[in-house]
Amino acid sequence: MTITIVGHGYVGLITACVFADFGNKVWVIGHTKEKLARLKKGDPIIFEPGLREMLQKNLKARRIFFTDDYENSISESEIVFIAVGTPPKETGEADLTNVIDVVRKVAKNLKNKLTVICCKSTVPVGTNKKIETIIKRHKSRSAEFAVASVPEFLREGTGIYDTLNPDRIVLGSDSKKAIDLLIKLHQPINGKRIITNLVSAEMIKYASNSILATKISFANLVSFYCEKAGANVTDVLNTVGLDNRIGRSFLYPGVGYGGSCLPKDVKAFLNIGEKLAINSKFLEAVEEINKTAMDNFIEVVSKNAPGKKLGILGLSFKPNTDDIREAPSLYIIDQLLKQGFEIKAYDPAAIINVKKLFENRVSFKNNLYDASAKTDAILIITEWNEFKQIDLSKIKKIMNHPFIFDGRNIYEPDLMKKLGFKYFSIGRP
Ligand SMILES: NC(=O)c1ccc[n+]([C@@H]2O[C@H](COP(=O)([O-])OP(=O)(O)OC[C@H]3O[C@@H](n4cnc5c(N)ncnc54)[C@H](O)[C@@H]3O)[C@@H](O)[C@H]2O)c1
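Residues numbered from 1 in each chain as written. Predicted model: local features only at pLDDT ≥ 70, side-chain atom pairs only at ≥ 80, totals over all residues.

The name given to the protein in an unreviewed UniProt entry is UDP-glucose 6-dehydrogenase. Comment text from UniProt for the protein, heading Pathway (unreviewed entry), reads "Nucleotide-sugar biosynthesis; UDP-alpha-D-glucuronate biosynthesis; UDP-alpha-D-glucuronate from UDP-alpha-D-glucose: step 1/1." The protein has a UniProt comment under Sequence similarities (unreviewed entry) that states "Belongs to the UDP-glucose/GDP-mannose dehydrogenase family." (UniProt positions renumbered as here; feature names shortened; annotations may be inferred.)

Structural data, given as structure tokens:
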């Protein structure tokens, strides 16, 4: 098949590479010449494990093409995916400016054969119906089209694996022809197919991200209880998670959730609730607990650090990505700088992005040992694998004071005590 994907971020580029890898011809539309030039040369721009190799392989095979031109790509394509960003507005509502802009351009270039326009961007309930109306207004009279909502569930860091092995593929549309074409395109991919209508598909995405955020905030709430009561949150949640009705995943306490999806989608879901006149206080509490998790961590550091020099390990919002959108590290660094702390920081992939925000207010290092040397305390903010089995004796020798504030519970308290560290973690004695 020939398909077009508009947007070459985490969702757009991963989806494009996977479908090209199956043998399809894939056009990818962007709107920045400099980025398109890099992509054409095989530079994926973003960090995602395995993506560079997959991109280069499919460029070489002439299955993936980058362009800013809608005419050739759209007229050739049976399916067009929209995968542009939908960032939050001040009100929490999703900003649809990019989606609407793209839909108009796609509509103007539709030809007289059926083209299915699928929204992969996370958009508020009712948006796909609006997309349908916009297309009708801008397309030529003879152009035939159908709209579908195909929400995306990949996780950054395991994006390629997730696209090939999703738990479910949600196909929302009122058009049988659109569903049939989408089923054909997804044929090589595993996972349960859920065929539904546009609104339900839109709702599934927000409900999914909101329950994930809820599980994290619940784990943090339990950690607050454990801290006060002297219980061990790891023992508690490991055991709670053994119950199949509950499950272990996402029940991990820490410095809070971040990233490009959970914070913005919870906000947008709250905004949708407001518009539907639904009391969504439950979700407000999820957000509030998330902020409390970060604030509690900052308070523990400022009350207990034996000096003002800190080393921060981990900046991305989670391991295996360079994405720092709404990363807890940003808020934590900002607050600690305001309190007069001096900060050195290290991250395996995200330094280049964080540097743009803090410039010379933070000293960025090339490895974790340089970021730890001569500090009064180390803070673990992201649980990258390379932090899990570091040479702790070496770390202790190069620090001014052996203090570790572990925001992700990656070390064992007993071992840390034995090694002579003053060790603070989340919800554990
Ligand atoms: N990142 C994830 O893990 C993830 C997972 C599921 C769903 N989503 C959703 O998918 C959508 C995209 O997310 P992302 O993380 O890939 O975003 P991103 O910011 O990484 O990528 C967005 C892309 O859209 C392009 N773009 C923006 N405006 C454009 C325009 N007018 N014309 C052409 N291109 C334009 C940008 O250049 C960029 O390539 C969002 O709605 C997001 O909520 C993201």
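Comments concerning the overall build of the protein
Regarding its fold elements, the protein presents 17 helices and 14 strands. Relative to its 429 residues, the protein shows a buried fraction of 45%. Taking as baseline every contact in the protein between residues at least 6 positions apart, the subset at least 24 positions apart corresponds to 74%. (Helix = DSSP H or I, 4+ residues; strand = E, 2+ residues; numbered from the N terminus. Buried ≥ 20, exposed ≤ 12 C-beta atoms within 10 Å, placed from the backbone. Contact = placed C-beta atoms within 7 Å.)

Structural notes on the site of the ligand
Around the ligand there are 26 residues in total, and G7, G9, V11, N98 and S121 lie nearest to it. The set of elements that each furnish at least two residues to the shell around the ligand consists of α1 (10–21) and α5 (97–108). Its residues placed into classes, the shell around the ligand shows nine nonpolar, 13 polar and four charged. (Near = placed C-beta within 6 Å. Nonpolar A, V, L, I, M, F, W, Y, C, P; charged D, E, K, R; others polar.)

Examining the UniProt feature "domain: UDP-glucose/GDP-mannose dehydrogenase C-terminal" (unreviewed entry) in the protein
UniProt feature "domain: UDP-glucose/GDP-mannose dehydrogenase C-terminal" (unreviewed entry): in the numbering of this structure it lies at residues 311–413. Taken end to end, residues 311–413 has its terminal C-alpha atoms 20 Å apart, with 31% of it in helix and 17% in strand.

So, the pairing of strand β12 (residues 377–380)
Alternating positions in β12 separate into two faces, A377 and L379 on one and I378 and I380 on the other, with burial throughout. Of the pairings in the sheet, the one linking strand β9 (residues 309–313) to β12 comprises four bridges and is parallel in character. Directly across from G311, in β12, lies its bridge partner I378. Looking at chain direction, β12 and strand β13 (residues 403–406) are connected through three bridges and run parallel. Looking at β13, one finds that I378 is bridged to I404. One crossover worth recording links β12 to the parallel β13 by way of helix α16 (residues 392–398), and it is right-handed. (Pairing = 2+ DSSP bridges. Right-handed = clockwise from strand over helix to strand, strands pointing away.)

Topic: the environment of G230
Along the chain, the position of G230 falls in the loop between α9 (198–229) and α10 (233–241). Along the chain, G230 and G427 lie 197 residues apart, while their C-alpha atoms are 8.2 Å from each other.

So, the domain arrangement of the protein
Segmenting the protein into domains produces domain 1 (2–196) and domain 2 (211–424). Distance from the C-alpha centre of domain 1 to the C-alpha centre of domain 2: 33 Å. Partitioning the side of domain 1 that touches domain 2 into residue classes produces nine nonpolar, four polar and three charged. (Domains from an automatic or database assignment.)

Re the nonpolar core
Ranked by internal contacts, the top residues of the largest apolar core, which has 122 residues, are I82, C118, L313 and L379. A total of nine residues in this core trace back to one element, the largest contributor, which is α1. Looking at which domains feed residues into this core, each of domain 1 (2–196) and domain 2 (211–424) gives three or more. Non-local contacts of I82, meaning those with residues more than four positions away in its chain, are made with V6, G7, V99, V102, V103, C118, C119, K120 and S121. (Core = buried A, V, L, I, M, F, W, Y, C linked by C-beta atoms within 7 Å.)

Focus on helix α3 (residues 51–60)
Those residues of α3 that sit buried are M54, L55 and N58. Seen from one end, α3 has its buried residues packed into an arc of 100°, which puts them on one side. On its buried face, α3 is in contact with α1, β3 (64–67) and α7 (159–164). Within two residues after α3, R62 carries a phi angle of roughly 55°, on the positive side. (Arc of directions from axis to C-beta.)

Points about the UniProt feature "binding site: substrate" (unreviewed entry) in the protein
Mapped onto this numbering, the UniProt entry gives "binding site: substrate" (unreviewed entry) at F153, L154, R155, E156, K205, F250, L251, Y252, P253, G254, G258 and K318. Spanning 166 residues, the named residues do not form one spatial group; their C-alpha atoms are separated by as much as 24.1 Å. Tracing the chain through its elements places K205 in helix α9. With near-sequence residues (within four places) excluded, K205 lies in contact with T122 and P151. Relative to the elements of secondary structure, P253 occurs in the loop between α10 and α11 (262–275).

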